[in-house]
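# Survey of secondary and tertiary structure
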Amino acid sequence: MRRFPLIAFFGIACLITWSIWIPRALAAYGIISLQIPNYMGDVAYFIGPPLATIIVTWQAGGWAATQQLLSRFLLWRVGVRW
């Protein structure tokens, strides 16, 4: 993962996202009997890539790099009116 972080990111992001999308699609066609709420597809879409980013950053750069990445979310660069 440290040698090819971009490939690891795409692999993990697809794994997380498809782990919800594939069972949901199979259930929609009646192949498996599983009830997955409709919003779970959106959750997979919005959670998969950010979670993959955090995992790859942690593996490639350690805890310090992960803290630096997550601290960027707290920077507020626009005024209060926005």
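Keep in mind the model is a prediction, meaning the values are calculated, not measured.

### Observations regarding the environment of Thr 66
Looking at where Thr 66 falls in the secondary structure, it is placed in helix H2 (residues 39–71). By relative accessible area, which is 2% here, Thr 66 ends up buried. Linking Thr 66 and Val 56, residues 10 residues apart in sequence, is a C-alpha distance of 9.0 Å. Beyond its immediate sequence surroundings of up to four residues, Thr 66 is in contact with Ile 54, Thr 57 and Trp 58.

### A short note on H2
Taking 1.5 Å as the rise per residue, H2 with 33 residues should run 48 Å; its terminal C-alpha atoms sit only 28 Å apart, a clear shortfall. Along its length, H2 reaches its greatest deviation from straightness, about 135 degrees, at Gly 61. Turning to H2, the residues buried within the fold contact helix H1 (5–28).

### Topic: the environment of Trp 18
In this structure, Trp 18 sits in helix H1. When the C-alpha atoms of Trp 18 and Gly 41 are compared, they prove to be 9.3 Å apart, with 23 residues separating the residues in sequence.

### A short note on the environment of Ser 71
With respect to the helices, strands and loops of the structure, Ser 71 is situated in helix H2. Reaching out from Ser 71, the side chain makes a polar contact with the backbone oxygen of Gln 68 at a distance of 2.8 Å.

### Here's the deal with H1
Taking 1.5 Å per residue as the helical rise, H1 with its 24 residues ought to reach 34 Å, and the 34 Å between its terminal C-alpha atoms agrees with that figure. A maximum bend of about 35 degrees is found in H1 at Trp 18. When we look at burial in H1, the residues that qualify are Ala 8, Ile 12, Ala 13, Ile 16 and Thr 17. In this structure, the buried side of H1 is in contact with H2. Looking one or two residues beyond H1, the residue adopting positive phi is Gly 30, at roughly 80 degrees.

Basis of the calculations
Each residue is numbered by its place in its chain's sequence as written, counting from 1. Two thresholds apply to this predicted model, a pLDDT of at least 70 for residue-level local features and 80 or more for giving and counting side-chain atom pairs, whereas whole-chain, interface and lining totals are computed over all residues. Side-chain calculation: all heavy atoms of the structure are included, whereas hydrogens and water are not. Numbering goes from the N terminus for both helices and strands, where a helix is a DSSP run of H or I of at least four residues and a strand is a run of E of at least two. Between buried and exposed lies partly exposed: a residue is buried under 20% and exposed over 50% of the maximum accessible area for its type, with that area taken using a 1.4 Å probe on protein chains only. By definition, residues are in contact when any of their heavy atoms lie within 4.5 Å. Under the convention used throughout, the expected extent of a helix is 1.5 Å for every residue step, that is, one less than its residue count. Think of it this way: the bend at a residue is just the angle between two axes, each fitted to seven residues, one set ending at that residue and the other starting at it. Residues adjacent in sequence count toward polar contacts only when both atoms are side-chain atoms; beyond that, a polar contact is any pair of N or O atoms within 3.5 Å, and within protein one must be able to donate a hydrogen and the other to accept it.

So yeah, pure geometry; function would need other evidence.
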